[in-house]
Amino acid sequence: MAEKVLMKGNEALAEAAIRAGCRHFFGYPITPQTELAAYMAKRMPKIGGVYLQAESEVAAINMVYGASAAGVRVMTSSSSPGISLKQEGISYMIGADLPGLIVNVQRGGPGLGGIQPSQADYWQATRAVGHGDGHVVVFAPSTVQEMADSAASAFELGDKYRVPVMILADGLLGQMMEPVILPEPLADDALPKKPWALTGHKGEREHTVVNSLFLVAAELESSILERAERYQQISRDEQRAESFLTEDADVIVVAYGAASRIARSAVVKAREQGIKAGLIRPITLWPYPKDALEATLASAKAYLVTEFSTGQMVEDVRLVVNGRKPVSFFAHTGGVVPTPDEVLEALRLANEGEVFDIIPFQGKLTRKKEVQNG
Amino acid sequence: MAQPLNIMLAGFGGQGILFAGKIIAYAGLIDEREVSWLPSYGPEMRGGTANCSVCLSDEPIGSPLVTEPDALIAMNLPSYERFIDDVVPGGVVVVDSSMVGACTMRHDIEYYTVPATSLAEENGLKGLANVICVGKLLEATGFSTEEVCKQAIDKSVPASKAQLKDANKRALEIGEAWTASVC
């Protein structure tokens, strides 16, 4: 087995992307993502790859579009404000059916926000990653190992379905070091063939077109519907989640990424206190792992969602649960990371049958009783 | 099975807080334990306090952010004051007494005061007060062994500074051997 090394999440993701065959990186520096770009700047020239610091995020994502159209595995990375700038290009990639990896190491927003860990770009990633009728696949790693592993998964799924893929990390995962076993480098001939890529027809085949402009409405509709079929397939086949102690759980915490680590600590503490707690950790955020949640609905009495935002993923949980069980919410946002004890307290309340939306306000816990729909 | 140990290291930027944490984390890795290392990052690192959370455990690590440290290494007064109340009762604090000076002490935790910065200078190890503190923490908690920590130093010192490995190992030994002022 390969050696375990201690690496930052940002660097592990970068190295894993290279090992997955990525030889093209276009980006623009921003905290807390910078180590990823810096790693690429060091490594790419040594392995015959391209590292290019573009003049802006907008330029970088359009370079990704171009490289992807030429058939190579390509990526960019940024943090929240930078991702907003890339949105136009991401939408064009969706419209042109171009794969490509976009990494968002989230920081607090809106606006320039802050630089501490945040999960406030969930809606952007899963609902509005760009204009138009489209999606990207979204992975949410929760460990440095997963930061590395998700790079390969992102390129595989992107190429398989011809969709852009986002890895939605955060400052905590990007900056922290953990032991990681890096994947074996992929052989050049193991990369999938891309007959649609713009590589020159050399007079031997019909020319191919990569384009997102369809001025005839019926043609645009059919291209969207064809893509929608792929989205359906993705939604059916590519949901990923980890379930931890959910089989006998009365109260289940749903959390992803760094928040899931806090939640996991809280669940372990709750079990020590005799509370039957469990954790569902979405690994894909789009497609949302509905099946994992649905599987617990018969046995769980209540759900608690915790994330580093004022409540975004909680809406997906409520869509799945659909009023059948109470769903409570607890969070910090803006770069403040909740402690396991705070989540434990929320978990305890949920276990006692309370239904609430708690957002700590100026140091005090304000509790809003919420009427459940349905 | 060793106890899980959550460690907070804190000091000024430039004192090698993050590097000291890396040695501890690498020791945990070599010991085949679960480890995490999380730095404070951003403007806080320039001029203010730099700090670093390290967790060692035999179970997968949940929150990598240490809010209730079992052990604290404090390398200046502001860091000491910021984190001392968070240390769990019965916990351990290693204080660089050359930098912290007079401070209010708690009676429910174990203090290991080491004049690490002075010791480093006296021994021609300027800049290695951080590793002296790691040596003291090693002796105080037994989070790993000296041999493993030396391997961890080999792993943590970048290739471009390989000549500093021996100095780091000596600093570790000096910290371990310093026993004069346990209180």
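Look a little higher up for the structure.
Reading the values: rules and limits
- Residues numbered from 1 in each chain as written.
- Chains lettered and ligands numbered in written order.
- Predicted model: local features only at pLDDT ≥ 70, side-chain atom pairs only at ≥ 80, totals over all residues.
- Heavy atoms only, no water.
- Pairing = 2+ DSSP bridges.
- Helix = DSSP H or I, 4+ residues; strand = E, 2+ residues; numbered from the N terminus.
- Axes fitted to C-alpha atoms, helices over the stretch in contact; angles between N-to-C directions.
- Contact = heavy atoms within 4.5 Å.
- Buried area = accessible area lost by both parts, 1.4 Å probe.
- Salt bridge = Lys/Arg side-chain N within 4 Å of Asp/Glu carboxyl O.
- Polar contact = N/O pair within 3.5 Å; in protein donor to acceptor, adjacent residues only side chain to side chain.
- Nonpolar A, V, L, I, M, F, W, Y, C, P; charged D, E, K, R; others polar.
- Right-handed = clockwise from strand over helix to strand, strands pointing away.
- Phe/Tyr/Trp six-rings, centres within 6.5 Å; stacked < 30°, edge-to-face > 60°.
- Buried < 20%, exposed > 50% of the residue type's maximum accessible area, 1.4 Å probe, protein only.

1. Concerning the sheet that holds strand β2 (residues 24–27) of chain A
Sheet strands pair via backbone hydrogen bonds, and the direction of the pair is either parallel or antiparallel. All names here are of chain A. The sheet built from seven strands is open, its strands ordered β3-β2-β4-β5-β7-β6-β12 with mixed pairing. Pairing within the sheet leaves two strands with one partner each, and these edge strands are β3 (50–53) and β12 (284–286). Neighbouring strand axes in the sheet, compared pairwise and without regard to direction, differ in orientation by 20° on average. Relative to the sheet, helix α3 (residues 57–69) contacts β2, β3, β4 (74–78) and β5 (100–106), its axis offset from that of β4 by approximately 165°.

2. Digging into the interface of chain A and chain B
Every contact between the two is made by 26 residues of chain A and, on the other side, 21 residues of chain B. Carbon and sulfur atoms make up 65% of the area that chain A and chain B hide from each other, which totals about 1,800 Å². Connecting chain A to chain B are one salt bridge. Residues A:Glu3 and B:Lys155 are paired through a salt bridge, measuring 2.5 Å at the closest nitrogen-oxygen approach. Summed over the shared surface of chain A and chain B, the result is seven residue pairs in polar contact (both at pLDDT 80 or more). Those elements giving two or more residues to the side of chain A that touches chain B turn out to be β1 (4–8), α7 (171–175), β8 (177–181), α9 (257–272) and α12 (340–351) of chain A. No other element matches α9(A), which puts five residues into the side of chain A that touches chain B. Tallied by class, residues from the side of chain A that touches chain B come to twelve nonpolar, six polar and eight charged.

3. A word on the pairing of β2(A)
Put simply, side chains in a regular strand alternate between the two faces of the sheet. All names here are of chain A. Sheet topology note: the β2/β3 ladder contains four bridges and is parallel. In the strand pairing of β3, Gly 27 is matched with Gln 53. Handedness of the crossover joining β2 and β3 through helix α2 (residues 34–43) is recorded here as right-handed. Where β2 lies against β4, two bridges are found, and the strand directions are parallel.

4. Notes on the packing of aromatic side chains
All chains considered together, the criterion is met by four aromatic pairs over all chains. A centroid spacing of 5.6 Å and a plane angle of 45° characterise the contact between A:Tyr122 and A:Tyr256, whose relative ring orientation is tilted. Separated by 134 residues along the polypeptide, A:Tyr122 in helix α5 (residues 122–126) and A:Tyr256 in the loop between β10 (251–254) and α9 bring together distant segments of the chain. With a centroid separation of 6.4 Å and an interplanar angle of 45°, the aromatic rings of B:Tyr80 and B:Tyr111 are classed as tilted. One end of the pair, B:Tyr80, is in helix α2 (residues 77–83); the other, B:Tyr111, is in strand β6 (residues 110–114), with 31 residues separating them in the sequence. When its relative accessible area of 1% is taken as the criterion, B:Tyr80 is described as buried.

5. A look at the pairing of β5(A)
All names here are of chain A. Of all seven residues in β5, seven are buried; the element is thus mostly enclosed. Going residue by residue along β5, you find Gly 100, Ile 102, Asn 104 and Gln 106 tucked away on one face and Leu 101, Val 103 and Val 105 tucked away on the opposite face as well. Here β4 runs beside β5; their pairing, made up of four bridges, is parallel. The partner of Ser 77 across the bridge, within β5, is Val 103. Note on the crossover from β4 through helix α4 (residues 80–95) to β5: the handedness is right-handed.

Fair warning: the whole summary comes from geometry, so function is off the table for now.
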